Amino acid sequence: MEEVIKDVVVKNALGLHARPAAKLSQEAMKFQAEITLCYKEVEVNAKSILDILTLAVPMGEVLTLRAKGDDAIQAIKQLEWLFENRFGEEK
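Report on the accompanying structure. (Residues numbered from 1 in each chain as written. Predicted model: local features only at pLDDT ≥ 70, side-chain atom pairs only at ≥ 80, totals over all residues. Heavy atoms only, no water.)

1. A look at a nonpolar patch on the surface
Cut-off, in case you're wondering: The patch calculation keeps residues exceeding 30% relative accessible area without a salt bridge and links them within 9 Å when they carry like charges or within 5 Å when they are nonpolar (Val, Leu, Ile, Met, Phe, Trp, Tyr). A 1.4 Å probe and the Shrake-Rupley method give the accessible areas. Residues count as covered only by the protein chains that appear here. By definition, a salt bridge exists where a carboxyl oxygen of Asp or Glu is found within 4 Å of a side-chain nitrogen of Lys or Arg. In DSSP terms, a helix is any run of H or I states spanning at least four residues, a strand is any run of E spanning at least two, and both are numbered starting from the N terminus. Residue burial is assigned from relative accessible area. The probe radius is 1.4 Å, only protein chains are included, and a residue is buried under 20% of its type maximum, exposed over 50%, and partly exposed in between.
A cluster of nonpolar side chains, Ile49, Leu50 and Leu53, forms an exposed patch at the surface whose accessible area comes to about 250 Å². With respect to the element layout, leucine 50 can be found in helix H2 (residues 49-55). Note on leucine 50: relative accessible area 62%, which makes it exposed.

Put into structure tokens, the structure is as follows:
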């Protein structure tokens, strides 16, 4: 089983708040892979909006995406794209 790990930066002015957390979890659910987010020693399920919100990641912080499974590469690429494009938000 393939595992892919990628660090991403939160670029949204309000950090990883409700709207991007919702987009992230919805996108993660499209993949079979087991996907987790790691921030400051805490690891949560990327398919759970509540788990993502508990991280309370502010702007400028780095977190780690980790995916295990047959579509892990595609999952990480898609989620990384969301972070790069600020989840579609202006700031």
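2. Quick look at the sheet that holds strand E4 (residues 62-68)
Each strand in a sheet pairs with another by means of backbone hydrogen bonds, the pair being arranged parallel or else antiparallel. Basically, it comes down to this: A pair of strands is labelled paired if DSSP reports no fewer than 2 bridges between them. Comment: axis = line fitted to C-alpha atoms, over the contacting stretch for helices; angle = value between 0 and 180 degrees taken between N-to-C directions.
Ordered by their spatial adjacency, 4 strands build an open sheet running E1-E4-E2-E3, and the pairing between neighbours is antiparallel. With one partner strand each, in any of the chains shown, strand E1 (3-9) and strand E3 (42-45) form the two edges of the open sheet. The mean inter-strand angle of the sheet, taken between neighbouring strand axes irrespective of direction, is 25°. Sheet topology places E1 next to E4; 7 bridges connect them, and they run antiparallel. When the bridges of E4 are listed, valine 4 appears paired with alanine 67.

Without other data, these values stay purely geometric and don't point to any function.
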